Amino acid sequence: MPAPAESFLADVLPRQTAAEQAIHRGDPEPRTALWSHADPVSLFGAWLPIRTGWPDVSAAFKRVAAQFSDSRGYRFEVIAAGASGDLAYTIGFEHNTVSVNGKPTTYTLRATHVYRREDGEWKIVHRHADRPPDEPEAGEPMTGTHSR
């Protein structure tokens with residue numbers, strides 16, 4: 001991986017992982033702090049309709065956090081990443097063991113993030129997440145394995 005991408009990942013991934021762990025315990029504030037509050041921002045969530053603009057995106061984070069609790073394991077598996085100038089991206093798999101609306105579940109999402117550097121700090125400006133084609137719905141037993 002080129003040096004700019006390595007530096008970007010070293011800066012962003014620990015903070016992003018901590019923010020994702022927090023939202024999966026019901027606390028949206030660390031994720032809110034990691035995102036740009038300046039438009040354009042967009043969220044193509046795995047379970048929510050498309051959200052654009054900071055008011056809608058931040059409201060979605062609160063709604064999502066209210067559904068999650070008891071995060072027992074969150075991990076972001078980076079498949080690809082890049083950084084150039086003031087823009088960067090990550091592509092990977094989010095592995096999670098958490099309770100959703102009180103029901104324990106384990107799932108994997110494919111996730112893409114786009115980042116913009118604002119005042120010297122990387123901020124997320126876009127997220128797209130969905131289930132891999134062979135991933136069961138939340139609460140269904142895992143029957144297949146993912147090759148990664």
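Structure's up top.
This one's a predicted model, so the numbers in the text were calculated from it and none came from an experiment.

Enquirer: Can you tell me about the overall build of the protein, naming the residues and giving the values?
Expert: Scanning the protein from N- to C-terminus turns up 3 helices and 6 strands. For the protein, the sequential pattern of α-helices and β-strands runs α-α-β-β-α-β-β-β-β. Across the 148 residues of the protein, 43% fall into the buried class. Summing over all exposed atoms, the protein offers an accessible surface of approximately 7500 Å²; the carbon and sulfur share of this is 54%.

Enquirer: Describe the sheet that holds strand E3 (residues 68-84), naming the residues involved and giving the relevant values.
Expert: Ordered in space as E2-E1-E6-E5-E4-E3, the 6 strands form an open sheet in which the pairing is mixed. Each edge of the open sheet carries a strand with a single partner, namely strand E2 (51-52) and E3. Judged from the 14 bridges that link them, strand E4 (residues 87-100) and strand E5 (residues 103-118) form a sheet pairing that is antiparallel. Among the inter-strand pairings, His-95 is bridged to a residue of E5, identified as Thr-108. This element, helix H1 (residues 3-23), spans E3, E4, E5 and strand E6 (121-130) of the sheet and lies at about 160° to E3.

Cut-offs applied
Residues numbered from 1 in each chain as written. Predicted model: local features only at pLDDT ≥ 70, side-chain atom pairs only at ≥ 80, totals over all residues. Heavy atoms only, no water. Helix = DSSP H or I, 4+ residues; strand = E, 2+ residues; numbered from the N terminus. Buried < 20%, exposed > 50% of the residue type's maximum accessible area, 1.4 Å probe, protein only. Areas by Shrake-Rupley, 256 points an atom, 1.4 Å probe, with all protein chains shown as cover. Pairing = 2+ DSSP bridges. Contact = heavy atoms within 4.5 Å. Axes fitted to C-alpha atoms, helices over the stretch in contact; angles between N-to-C directions.

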